[in-house]
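Coordinates in review
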Amino acid sequence: MSPLKPPRARRVAVVGGARVPFARSDGPYATASNQEMLTAALDGLVERHGLQGPGAVGEFVAGAVLKHSRDFNLARETVLGSTLDPRPPAYDVQQACGTGLQAVIAAANKIALGQTESAVAGGADTASDAPLGVNDRLRRILLEARRAKSPGARVKALAKIRPAHLVPDIPRNAEPRTGLSMGEHAAVTARAWGITREAQDELAAASHQRLAAAYERGFFQDLVVPFRGLARDQNLRPGSTVEKLAALKPVFGLDAPGPTMTAGNSTPLTDGAATVLLASEEWAGARGLEPLAYLTAYETAAVDFVGGDVAGGEDGLLMAPAYAVPRMLERAGLGIEDFDLVEIHEAFASQVLATLAAWEKRGLAPVDRARLNTAGSSLATGHPFAATGARVVATLAKLLAERGGPGRGLISVCAAGGQGVTAILERT
């Protein structure tokens with residue numbers, strides 16, 4: 001028997017995207033669940049691309065970072081509650097802030113290998129409806145009571161409960177290995193790379209101004225689905241200027257002289273969901289759908305942010321894209337100068353600037369700022385952790401399509417745990 005030949009990888013098209021406007025936590029979406037937001041985004045995608053009916057989509061891949069126990073099967077429950085046909089299988093992925101992009105990669109791999117013709121990928125997160133855990137001491141007592149063999153033993157276990165045990169465990173934006181928040185980690189990196197306050201505020205102001213301009217020209221009309229009274233990202237401040245941002249007080253890095261990171265040049269806690277439609281060229285062509293761009297490469301990386309060169313800036317918590325992008329470009333035979341557009345997720349302005357500096361240190365050409373985040377990014381839109389990857393992919397694909405000719409775009413997303421997910425989109 002002759003061995004099976006490996007399948008020839010097919011091109012994976014980005015056909016379109018849909019997301020709800022992103023909202024600041026404890027605002028308009030305070031009572032919206034991950035499933036409700038993700039369903040609204042998926043329904044928008046279904047309506048705009050005619051995905052109703054049996055067999056329209058091969059599978060659905062999505063995830064969330066802050067998940068209730070009820071969200072254990074979030075992707076599948078979202079399909080069942082949506083206008084999509086209930087038969088496509090679905091599964092969850094999670095890689096912190098890289099979740100949305102990893103969902104895209106997972107779906108793209110199956111399309112490339114011919115295992116499915118189309119898929120929807122995405123993610124959702126709510127900082128408002130965050131799960132509250134039972135105090136661990138109370139949890140252990142309750143488990144002891146459950147295992148008790150007699151009513152007396154059960155009463156004896158429950159008698160150990162004290163008022164302090166009733167205080168819930170609230171999720172913290174901190175790394176378990178260090179106890180530091182993401183902002184505090186970013187402040188260490190900002191100092192190591194000498195990132196100035198003015199440069200951060202300039203980047204933040206540009207993000208708001210570019211996002212506002214994109215909304216004004218109707219760019220998001222077919223990408224954003226109104227939800228709970230919002231039609232635009234709530235965090236958007238069209239009038240943001242360097243001068244206004246300069247008046248804000250630092251909130252991170254206060255343990256060292258000259259702190260530079262403020263609420264204005266850092267991403268706020270955000271609620272939202274986003275989806276993106278991926279397909280083979282044949283599938284898109286048969287339905288009369290014009291691909292916006294093609295996903296042609298991706299790379300992930302991680303750094304040792306606990307014991308590595310953290311003080312020197314090389315292994316800061318959010319610096320993994322500084323390693324992933326050079327590797328990906330070397331494999332693809334490309335340089336930064338070969339990209340028409342660059343999308344860097346703006347967890348913090350300082351992190352974007354440190355990443356740019358690290359790329360140059362590793363021999364890449366400087367990024368033309370006119371090509372960076374041209375329709376705004378996370379500092380202006382907000383950052384619902386698992387939703388950002390799908391937002392970026394759909395936005396970049398449409399930006400490339402708008403150009404009307406061949407083009408190439410780079411995606412860079414940093415993530416908690418010292419990780420990074422990167423990708424390349426192209427039009428030929």
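The following paragraphs examine the structure supplied in this document. Just so it is clear, the model here is predicted, and its values are computed rather than measured.

1. Remarks on the overall build of the chain
Broken down by element type, the chain carries 13 helices and twelve strands. Taking 22 Å as the expected radius of gyration for a compact globule of 428 residues, we find that the chain reaches 22 Å, a close match to that expectation. Burial analysis of the chain (428 residues in total) assigns 56% to the buried set. If you take every contact in the chain between residues at least 6 apart in sequence, the share linking residues at least 24 apart comes to 80%. Element-wise, carbon and sulfur atoms account for 54% of the exposed surface of the chain, whose accessible area totals about 17900 Å².

2. Thoughts on the pairing of strand 9 (residues 293-302)
Where strand 1 (residues 12-19) and strand 9 come together, three bridges link them in antiparallel fashion. Directly across from Ala 13, in strand 9, lies its bridge partner Tyr 294. Bridging between strand 9 and strand 12 (residues 419-427) involves eight bridges; their strand directions are antiparallel. By the bridge assignment, Tyr 298 is partnered in strand 12 with Ala 423.

3. Observations concerning the pairing of strand 3 (residues 59-63)
Among the five residues that make up strand 3, five are buried, leaving the element largely enclosed by the rest of the structure. Burial along strand 3 is two-sided: the face carrying Glu 59, Val 61 and Gly 63 and the face carrying Phe 60 and Ala 62 are both buried. Pairing between strand 3 and strand 5 (residues 118-125): five bridges, direction parallel. Residue pairing across strands places Phe 60 opposite Val 120, the latter belonging to strand 5. Relative to strand 4 (residues 90-92), strand 3 runs parallel, the two being bridged by three bridges. Looking across to strand 4, one finds that Phe 60 is bridged to Ala 90. At this point the chain moves from strand 3, through helix 2 (residues 74-80), to the parallel strand 4, and the crossover so formed is right-handed.

4. Topic: a nonpolar patch on the surface
A cluster of nonpolar side chains, namely Val 134, Leu 142 and Leu 158, defines an oily patch on the protein surface of about 230 Å² accessible area. The exposure class of Val 134 is partly exposed, given its relative accessible area of 46%.

5. Some details on unusual backbone geometry
Positive phi, close to 60°, is recorded for Asp 26, a residue that is not glycine. Its location among the elements puts Asp 26 in the loop between strand 2 (23-24) and helix 1 (34-49). In this model, Ala 96 sits at a positive phi of 50°, which is unusual for a non-glycine residue. Position of Ala 96 among the secondary structure elements: in the loop between strand 4 and helix 3 (99-112).

6. Focus on helix 13 (residues 388-402)
Between its first and last C-alpha atoms helix 13 spans 21 Å; for 15 residues at 1.5 Å apiece the expected length is 21 Å, and the two agree. For helix 13, the buried fraction is high: 13 of the 15 residues fall into the buried class. Looking one or two places after helix 13, you find Gly 404, whose phi comes out positive at around 85°.

7. Some remarks on the packing of helix 4 (residues 136-147) against helix 5 (residues 151-158)
In the contact formed by helix 4 and helix 5, the axes pass within 8 Å of each other and the chain directions differ by 175°. On the basis of the axis angle, helix 4 is roughly antiparallel to helix 5. Side by side, helix 4 and helix 5 meet where Ile 141, Leu 142, Glu 144 and Ala 145 of the first sit next to Arg 154, Ala 157 and Leu 158 of the second. For the contact of helix 4 with helix 5, the residue count by class is five nonpolar, no polar and two charged.

8. Thoughts on the packing of helix 7 (residues 197-216) against helix 11 (residues 349-361)
Viewed as axis vectors pointing N to C, helix 7 and helix 11 meet at an angle of 105°, and their least axial separation amounts to 9 Å. When the axis of helix 7 is compared with that of helix 11, the two are roughly perpendicular. Between helix 7 and helix 11, the contacting residues are Ala 199, Gln 200 and Leu 203 on the first element and Ala 349, Ser 350, Val 352 and Leu 353 on the second. Residue composition of the contact of helix 7 with helix 11, grouped by class: five nonpolar, two polar and no charged.

9. Here's the deal with the environment of Val 155
Topologically, Val 155 is positioned in helix 5. Separated by ten residues in the primary sequence, Val 155 and Ala 145 place their C-alpha atoms 7.4 Å from one another.

10. A few points about the packing of aromatic side chains
All told, the structure shown has four aromatic pairs when counted by the stated rule. An angle of 70° between the planes, with centres 5.0 Å apart, marks the rings of Tyr 29 and Phe 227 as edge-to-face. You can see Tyr 29 sitting in the loop between strand 2 and helix 1 and its partner Phe 227 sitting in the loop between helix 7 and helix 8 (242-246), a full 198 residues away along the chain. Between Phe 219 and Phe 220, the aromatic rings sit 5.0 Å apart at their centres with planes inclined by 90°, giving edge-to-face as the arrangement. Judged by relative accessible area, Phe 219 falls into the buried class, the value being 1%. Taking relative accessible area as the criterion, Phe 220 reaches 5% and is therefore assigned buried. Among the aromatic residues, ring-to-ring pairing joins Tyr 215, Phe 219 and Phe 220 into one connected group. Geometry around Phe 22 places Arg 19 over its ring, the cationic atom sitting 4.5 Å from the centre.

11. Brief notes about the side chain of His 185
Within the fold, His 185 resides in helix 6 (residues 182-193). With relative accessibility at 5%, the residue His 185 sits in the buried group. Once residues within four sequence positions are removed from consideration, His 185 is found in contact with Glu 175, Thr 178, Leu 180, Phe 305 and Leu 317.

12. Overview of the state of the cysteines
Counting across every chain of the model gives zero disulfides. Between Cys 97, a cysteine without a disulfide, and Cys 414, which holds the nearest cysteine sulfur, the sulfur-to-sulfur distance is 6.4 Å. For Cys 97, a relative accessible area of 5% translates into the label buried. Cys 414 gets classed as buried once you look at its relative accessible area, which sits at 2%.

The rules behind the values
Residues numbered from 1 in each chain as written. Predicted model: local features only at pLDDT ≥ 70, side-chain atom pairs only at ≥ 80, totals over all residues. Heavy atoms only, no water. Helix = DSSP H or I, 4+ residues; strand = E, 2+ residues; numbered from the N terminus. Rg over C-alpha atoms; globule rule 2.2 N^0.38 Å. Buried < 20%, exposed > 50% of the residue type's maximum accessible area, 1.4 Å probe, protein only. Contact = heavy atoms within 4.5 Å. Areas by Shrake-Rupley, 256 points an atom, 1.4 Å probe, with all protein chains shown as cover. Pairing = 2+ DSSP bridges. Right-handed = clockwise from strand over helix to strand, strands pointing away. Patch = residues over 30% accessible without salt bridge, like charges linked within 9 Å, V, L, I, M, F, W, Y side chains within 5 Å. Salt bridge = Lys/Arg side-chain N within 4 Å of Asp/Glu carboxyl O. Expected span 1.5 Å × (residues − 1). Axes fitted to C-alpha atoms, helices over the stretch in contact; angles between N-to-C directions. Parallel < 35°, antiparallel > 145°, perpendicular 65-115°, else oblique. Nonpolar A, V, L, I, M, F, W, Y, C, P; charged D, E, K, R; others polar. Phe/Tyr/Trp six-rings, centres within 6.5 Å; stacked < 30°, edge-to-face > 60°. Lys NZ or Arg CZ within 6 Å of the ring centre and 35° of its normal. Disulfide = S-S within 2.5 Å.

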